[in-house]
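Geometric and topological summary
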Amino acid sequence: MQQELGFSDEDIQSKEFLLYVTGNANIENSKPFAMCYAGHQFGNWAGQLGDGRAINLGEIKNWALQLKGAGPTPYSRTADGLAVLRSSIREYLCSEAMHHLGIPSTRSLSISLTGDQVLRDVLYNGNPAYEKGAIVSRVAKTFLRFGNFEIFAARNDLKNLKTLTDYTIKNHFPRLGNPCKEVYLKFFQEVTNKTLEMIIHWQRVGFVHGVMNTDNMSILGLTIDYGPYGWLEGFDLGWTPNTTDKQHKRYRYGNQPNIGLWNLYQLANALYPLINAAAPLEKILEGYKSSFAQKSLEMMRAKLGLFLAEKTDINLIQSLEDNLQVIEIDMTIFFRLLSSFKKEQPEKGIELIQDAFYTPDKLVGEILNDWKHWFDSYAKRLEKENISYEEREQRMKTTNPKYVLRNYMAQLAIDKADKGDVSLVKEVYELLKKPYSEQPEFEHWFAKRPEWARHKVGCSMLSCSS
Ligand code: AMP
Ligand code: MG
C-alpha cells in the first residue's frame, strides 16, 4: 500500500509518519473525523452506531486513510475506542491477504503498538484480561457503508441522504452520470453487482466474514471490518467462526450469499425515498438471485478446470459438495491438489487428495464409493474439454490458492508478537503476498490445521471482542 500512497521507504521510517499513524499528530490542514452510520445487526435494526474507534485522517492521492483503535470518538458510546494487538494483527494480515488473492478489500498500511493495556473479555464469558493495545492504519477509496445511507433514511433526513448519495456517485461511480432517479437505480445496480462479486470470491476461497451486519458492508463492495472472520478448514457450508452467532449461525459460510441479498434489501429501503418506485429496485434484487446462481456456477467451474459450459455441470458440482460435506476434508488443500488430477487416471483421484482428509480412516464403504464415482464422472467430464493437462492445471492454480490465512496461522503469529517477536507476522505477510504461487520455502504452511487448533480460542472460536 506504501507505493500506491506515494510513500518512500524513508517516509515510512520517519518520526513524522509514526506520529501520524498512531494518532499523535494531524496531517497539515486536515480535519480528522469519525462517521455516523446505523445498521442492521444480526437481522435487527440497531439504530445509530458510527465509527466508534475509527478516525479518518483525510485523503492521500484519493485514498482515504483511517486509524482503527486510536481512541474514543463521538460514536464510541460506552466503549473505549481502542483495539488490541490480537485483532489488529488479524485485520492487518487478512486485509492484505484478501487483496493479494484478488478479492476487493480495504487495505492496511501500518500496525503499531500503543503502549496501552486494554481490557477485553475474549469470549464474553466473564474472564476479562489486559491485552496490548494497537492501531492499524487502513486505506480504502472510501469507508462508506450501507449503514451510512440507512441512518439518513431512518431519520427521514432526505436532504442529507441525497447529498451523500450524490457525493458517492460523483466521487466513486462518476461514469454513471449526473445524479437523478435513473442514475440512483444504476448506482444501486452497481453496488449489487460489486457486493455479489465480493461474496462469490469469499465462497471461492472459503472465507467467512463472521459479522455481515449492514454497518460492515462497504458501498464499494470491499471486504471491510475484519473481526471474528475465519477460513474454512474442513469444507462445511454450516460453519461460522463467530461464537457470538453460535446459536443461529446467521453468518455461516453457506448463507453468505443470502445475507448479501438481505443486506441489499436494507440498502434498497434506504435509497427508496430518492427513487420513489419499488418495482425497479425489486427487479435488481431479483436479478441478484439469478446472477448469483450463474456466477456461482462459473466460479465452481473455474475451480474444477471446466472451461466449457455443460448443462450437467451443476450435478457434478452438487455431488462434489455433498461428498465434501460428508467427511472432513480441507477445502484449500483439496482444490489445490485437484488441479493436478489426470483424467486418464480417475482411480488415482483418491490417492491424489489423500492429504486433504482430516479423518482418512472414515473413507470406507459408501463414502469411498461416492468419491470413486465422483472422480469417474469428473474424468468423463474433463474429456469434453479441449485444453491440455498443463494448461488446465495452470489455470486451476490461479483460482485455487495454495496458501490462505489459516485460523491457526494468525493465532501463532499473534502469540509470538504478543511476546515481542514479530517474525511470524512478517513471514505470514510475505507468504500471503503470493497465495497462488508454489513458494517451496513456505511449503510447511501448505498443511492441514493441526489437531491442537481444532477447538482453541482464536483458531476455531472467535468473538466480536477486539
Ligand atoms: P463491529 O461489529 O465490530 O464492526 O462493531 C459494531 C459497532 O461497535 C461499530 O459502530 C464500532 O465502531 C463499535 N465498536 C466496536 N468496538 C469498539 C470499541 N472498542 N470502542 C468503540 N466502539 C467500538
Ligand atoms: Mg464494524
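For the structure, check the block above.
Since this is a predicted model, take the numbers as computed values, not measurements.

Structural notes on the pattern of salt bridges
Note that side chains of opposite charge can pair when their charged atoms are close. The full count for this structure, using the stated rule, is 29 salt bridges. One salt bridge connects Glu430 with Lys433, and the closest N-O pair in it is separated by 3.3 Å. Among the residues examined, Glu430 registers a relative accessible area of 39% and is labelled partly exposed. Accessibility expressed as a relative area gives 30% for Lys433, which makes it partly exposed. In this structure, a network of salt bridges that share partners links the residues Arg336, Glu393, Lys397, Lys402, Glu438 and Glu443.

Considering the side chain of Glu233
Take Glu233: it is sitting in the loop between β8 (230-231) and α7 (256-275). At 3.4 Å, the side chain of Glu233 forms a polar contact with the side chain of Arg449.

Some remarks on a negative patch on the surface
Taken together, the side chains of Asp9, Glu10, Asp11, Glu16 and Glu28 make up a negatively charged region of the molecular surface. Ranked by residue count, the leading element in the negative patch is helix α1 (residues 9-13), at 3 residues. Structurally, the position occupied by Glu16 is in helix α2 (residues 15-21).

Topic: the packing of aromatic side chains
Scanning the entire structure with this criterion turns up 22 aromatic pairs. Centre to centre, the rings of Phe207 and Trp231 are 5.3 Å apart; their planes meet at 65 degrees, and the pair counts as edge-to-face. Remark: Trp231 occurs in strand β8 and Phe207 occurs in strand β7 (residues 207-208); sequence separation between them is 24 residues. For the pair Phe207 and Trp231, a shared accessibility class is recorded, and that class is buried. One aromatic cluster is present, built from ring pairs that chain together Phe334, Phe335, Phe341, Phe357, Trp371, Trp374, Phe375 and Tyr378.

Scoring rules and cut-offs
- Residues numbered from 1 in each chain as written.
- Chains lettered and ligands numbered in written order.
- Predicted model: local features only at pLDDT ≥ 70, side-chain atom pairs only at ≥ 80, totals over all residues.
- Heavy atoms only, no water.
- Salt bridge = Lys/Arg side-chain N within 4 Å of Asp/Glu carboxyl O.
- Buried < 20%, exposed > 50% of the residue type's maximum accessible area, 1.4 Å probe, protein only.
- Helix = DSSP H or I, 4+ residues; strand = E, 2+ residues; numbered from the N terminus.
- Polar contact = N/O pair within 3.5 Å; in protein donor to acceptor, adjacent residues only side chain to side chain.
- Patch = residues over 30% accessible without salt bridge, like charges linked within 9 Å, V, L, I, M, F, W, Y side chains within 5 Å.
- Areas by Shrake-Rupley, 256 points an atom, 1.4 Å probe, with all protein chains shown as cover.
- Lys, Arg positive; Asp, Glu negative; His and termini not counted.
- Charge placed at Lys NZ, Arg CZ, Asp CG, Glu CD.
- Phe/Tyr/Trp six-rings, centres within 6.5 Å; stacked < 30°, edge-to-face > 60°.

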